[in-house]
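Close look at the chain arrangement
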Amino acid sequence: MTELEIKNQVLAELGAPTIKVELDESQWCTIFKKSLRWFKARKGLIGCEIVPLTQGKVYYDFPVNANSISDIYLPIAYGSLQSLFSQGILDTNLFPVNSLGNGGYGSIGFGVSNSAYLQVLQALESTRRIISAEPAWEIQCGKIVVNNGFCFSSGSSGGKYMLVFFAKETFAVTEITDARDVDLIYRYVEATAKKIVGRVRSKYKSYPAAGGMIDTDGPDLLEEARVDFEKLEEEISQSQYPMGFLVG
């Protein structure tokens, strides 16, 4: 859904074109920026990048446009478990088929794990016994720090990757594809528009027309906006992404 589509729908909800809506282009620009800032601060948009692991390397840069790291999937030594789950089932739609030139997601060794939590604990314990290392990552001074002994077993020739999930620093409305998130953005834009128009119309209680004085709906729009904002805050708090395993 584009900004223009959202704008036109909100205008229709406010009565346009039958009723003049007191919003100009600069105000619409402000409304969209404010709505995206709200969405980013409360939930954000998660991106994913496949990062090659290099033997002997410990520090890795954040992906481009990454605001913060939400989770990292590391390969388990000897293929005992191809991925840890902390966000649930991986969304295979995130990975283009030819992202690495060799078939993408399925060919780089990351399976989708929906095992029980106990099975994950057992796999981690096996890994500790085999390579005497804790599968771990942490953030230090703006770098991703990976436990090097965990990523490569003895005699490994490389070819390992990690999946880095991150909150995007910037994004456009068109990048939001989840229908529930699109609805949140749309309703926040609408509530903000109601608030601005409500303030304008509250400056005067009525205005003259051919049939006499007509009352404005400024106070009603302000009250509707207040209720809408309260509902939006409650809903977005319930839809936030689950936290990954905290390490370090």
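Our subject is the structure listed above.
A brief report on the enclosed structure follows. (Residues numbered from 1 in each chain as written. Predicted model: local features only at pLDDT ≥ 70, side-chain atom pairs only at ≥ 80, totals over all residues. Heavy atoms only, no water.)

Things to note about the packing of helix α2 (residues 25-42) against helix α5 (residues 179-201)
Close contact between α2 and α5 brings their axes to 9 Å; oriented N to C, the two are set at 135°. It follows from the interaxial angle that α2 and α5 lie oblique. Note on packing geometry: the crossing formed by α2 with α5 is right-handed. On α5, the residues touching Gln 27, Trp 28, Ile 31, Phe 32, Lys 34, Ser 35, Leu 36, Trp 38 and Phe 39 of α2 are Asp 181, Leu 184, Ile 185, Tyr 188, Val 189, Thr 192, Ala 193 and Ile 196. Here the residues of the contact of α2 with α5 sort into twelve nonpolar, three polar and two charged. (Axes fitted to C-alpha atoms, helices over the stretch in contact; angles between N-to-C directions. Helix = DSSP H or I, 4+ residues; strand = E, 2+ residues; numbered from the N terminus. Parallel < 35°, antiparallel > 145°, perpendicular 65-115°, else oblique. Left-handed = near helix turned anticlockwise from the far one by under 90°. Contact = heavy atoms within 4.5 Å. Nonpolar A, V, L, I, M, F, W, Y, C, P; charged D, E, K, R; others polar.)

Topic: the pattern of salt bridges
Applying the stated rule across the entire model yields 15 salt bridges. Here Lys 143 makes a salt bridge to Asp 61, at a shortest N to O gap of 2.1 Å. Taken as a pair, Lys 143 in strand β5 (residues 143-146) and Asp 61 in strand β2 (residues 59-61) lie far apart in primary sequence, 82 residues in all. Residue classification places Lys 143 among the partly exposed residues on the basis of a relative accessible area of 31%. Ionic pairing is found between Asp 178 and Arg 180, a salt bridge with its closest N-O pair at 2.9 Å. On the basis of relative accessibility, which here comes to 27%, the residue Asp 178 falls in the partly exposed class. Take Arg 180: its relative accessible area is 64%, and that puts it in the exposed class. (Salt bridge = Lys/Arg side-chain N within 4 Å of Asp/Glu carboxyl O. Buried < 20%, exposed > 50% of the residue type's maximum accessible area, 1.4 Å probe, protein only.)

What about the sheet that holds β5?
With antiparallel pairing, three strands are arranged side by side in an open sheet as β2-β5-β4. The sheet is open, and its two edges are formed by β2 and β4 (137-140), each paired on a single side. Sheet twist, expressed as the average angle between the axes of neighbouring strands with direction ignored, equals 35°. Where β2 meets β5, three bridges bridge the pair, whose relative direction is antiparallel. When the sheet's bridge partners are listed, Tyr 60 is paired in β5 with Ile 144. (Pairing = 2+ DSSP bridges.)

Remarks on helix α6 (residues 218-238)
With 21 residues, α6 ought to run about 30 Å at 1.5 Å a step, and its terminal C-alpha atoms sit 31 Å apart, in line with that. For α6, the set of buried residues is Gly 218, Leu 221, Ala 225, Asp 228, Phe 229, Leu 232 and Ile 236. Down the axis of α6, the buried set is contained in an arc of 110°. They therefore lie on one face. Turned more than 90 degrees away from the buried face of α6, the exposed residues are Pro 219, Asp 220 and Gln 238. If you follow the buried residues of α6, they end up packed against α2 and α5. (Expected span 1.5 Å × (residues − 1). Arc of directions from axis to C-beta.)

Points about the environment of Tyr 186
For Tyr 186, the position within the fold is in helix α5. Judged by its relative accessible area of 12%, Tyr 186 is buried. Residues Tyr 186 and Ile 6, spaced 180 residues apart in sequence, show a C-alpha to C-alpha distance of 6.2 Å. Excluding residues within four positions of it along the chain, Tyr 186 makes contact with Met 1, Ile 6, Gln 9, Val 10 and Glu 13.

Worth remembering: the numbers are spatial, not functional.
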